[in-house]
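Structural characterization, general
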Amino acid sequence: MSKKTFLKTVIVSVAVLILAACETTNVDPIAASERPEETTDEAGLWLQMDETEKLLKSSALVENDDALNAYVQTVACRVVGPDYCPDLRVYVVKQPFFNANMAPNGQMQIWTGLLLRAENEAQLAFVIGHEFAHYRQRHSLQQWREIKNLANASLLFSMGTAVAGVPEAAVLGDFSIAARLYGFGRDKEREADELGFEFATQAGYAGEEAAAIWKYLVSEVENSDLERNRRTIARASIFSTHPVTSERIENLEALASEEAETGDTATSTYIEATGPFLATWLDADLVQSDFGKHIFLINHLLERGARQGVLYFRRGEAYRLRREDGDEARALEDYIKASTFADAPAATWREIGELQRRSDNPAQALEAYRTYLEKAPEASDKLLIESYVEALQEEQT
Ligand SMILES: [Zn+2]
């Protein structure tokens, strides 16, 4: 669909929304397999979301890996239950920020920055539960009507078309015009937290993980290097539509303390499903060059005690690229640590070779380069590394 067609469709659907008669903001939860009646404002909202979903589907932003998609869909269906499961279409979206959302028509986006940061399946489940609660309670429709009752039609129309002019923004899931501009209010967020908590714990997940993910996110932002990055994170991530307040964290902790039984965190299943993407997702995060945030994130992931070879290597990379005082020594230490784990990438030994050569340790450099060539016989820099090996051998004789 062209940008122009998209714009036209959205303008029409915005007009439908505005022309609908003044309606109550008290709405019943949507039932499983329920669809809005034609010519209602809700049908207009759905129409608009159907259009952005078409754009999303054909977008390069969607992760197509079958196993990962199947896994995330399974977790979502476990949270929402078998009745609502067919109403839900989950898309894994390649964006390095922590975000998830669910549109009123049933499309749900889970961003890879979220999958990278969740420690376990339970944390993912609580975010899904929260987003599903917004859907089930028809919060977008309520929000739309509340704003419509306050604002005049021409203002609403310009709000709608302002969003429509940026299909990329629409695709990335600031689904309702209203939610995009105002976020859901405190009451809807509290309701989504409480219901989402209920859905996920009824599905058997450990209640204490609900607050844990938000607490982690707040501390990650605090560890960002730059004020500019802190603002970008706030704008691009879930914080823009779901402000994380201490009140929300306290409420979730209180709910968890009322849970008698201990639930499932499903940590190892989660690590297995997301592990193959760890290096790619960390790469995408490092592109932002926010080393403080990135290193904080890796330290957090290291606490899980899995994929240590990949994680120490990636932390070494962050130090190497940051180039602050002492970073070269920190990088070498991490590469050496990484090399003791079976999952360390071959590049670990190339980097050890490089740093040992520069630190005037030719014997260690030679050994590391040789290991690199053994582990990566097809490497594109093979000839270059072989020339280093030759030079080092000559030096030693
Ligand atoms: Zn929310």
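Residues numbered from 1 in each chain as written. Predicted model: local features only at pLDDT ≥ 70, side-chain atom pairs only at ≥ 80, totals over all residues.

**Quick notes on the environment of cysteine 85**
- When you line up the elements, cysteine 85 lands in the loop between helix 3 (66-84) and strand 1 (89-93).
- Given 15 C-beta atoms within a 10 Å radius, cysteine 85 is considered partly exposed.
- Sequence spacing of cysteine 85 and alanine 32 is 53 residues, and the spatial spacing of their C-alpha atoms is 8.4 Å.
- Apart from residues no more than four positions distant in its own chain, cysteine 85 is found in contact with Cys77 and Val80. (Helix = DSSP H or I, 4+ residues; strand = E, 2+ residues; numbered from the N terminus. Buried ≥ 20, exposed ≤ 12 C-beta atoms within 10 Å, placed from the backbone. Contact = placed C-beta atoms within 7 Å.)

**With respect to the pairing of strand 1**
- For strand 1, the tally of buried residues reaches 4 of 5 residues, placing the bulk of the element in the interior.
- Sheet analysis places strand 1 next to strand 3 (residues 107-111), joined by 5 bridges and oriented parallel. Bridge assignment links valine 90 to a residue of strand 3, and that residue is methionine 108. (Pairing = 2+ DSSP bridges.)

**Focus: the nonpolar core**
- Val79, Ile110, Ala125, Phe126 and Ile128 are the most contacted members of the largest nonpolar core, which has 53 residues in total.
- Looking at this core element by element, the count peaks at 9 residues for helix 5 (residues 121-136).
- Non-local contacts of valine 79, meaning those with residues more than four positions away in its chain, are made with Ala125, Ile128, Gly129, Phe132, Phe199, Ala200 and Ala203. (Core = buried A, V, L, I, M, F, W, Y, C linked by C-beta atoms within 7 Å.)

**Let's talk about helix 18 (residues 327-338)**
- An ideal rise of 1.5 Å per residue puts 16 Å on 12 residues; helix 18 measures up with 16 Å between its terminal C-alpha atoms.
- Listed in full, the buried residues belonging to helix 18 are Ala331, Leu332, Asp334, Tyr335 and Ala338. The arc enclosing the buried residues of helix 18, seen along the axis, measures out at 165 degrees, which places them on a common side.
- Check the buried side of helix 18 and you find it contacts helix 17 (308-322) and helix 19 (347-358). (Expected span 1.5 Å × (residues − 1). Arc of directions from axis to C-beta.)

**Section: the pairing of strand 3**
- Counting buried positions along strand 3 yields 5 of 5 residues, so the element is predominantly enclosed.
- What you see with strand 3 is no split at all: Gln107, Gln109 and Trp111 on one side and Met108 and Ile110 on the other are buried throughout.
- Two elements, strand 2 (residues 100-102) and strand 3, share 3 bridges in a ladder whose sense is antiparallel. Its bridge partner being in strand 3, alanine 100 is matched across the sheet by isoleucine 110.
- Between strand 2 and strand 3, which pair antiparallel and follow one another directly, the connecting turn spans 4 residues, one of which, glycine 106, has a positive phi of 105 degrees.

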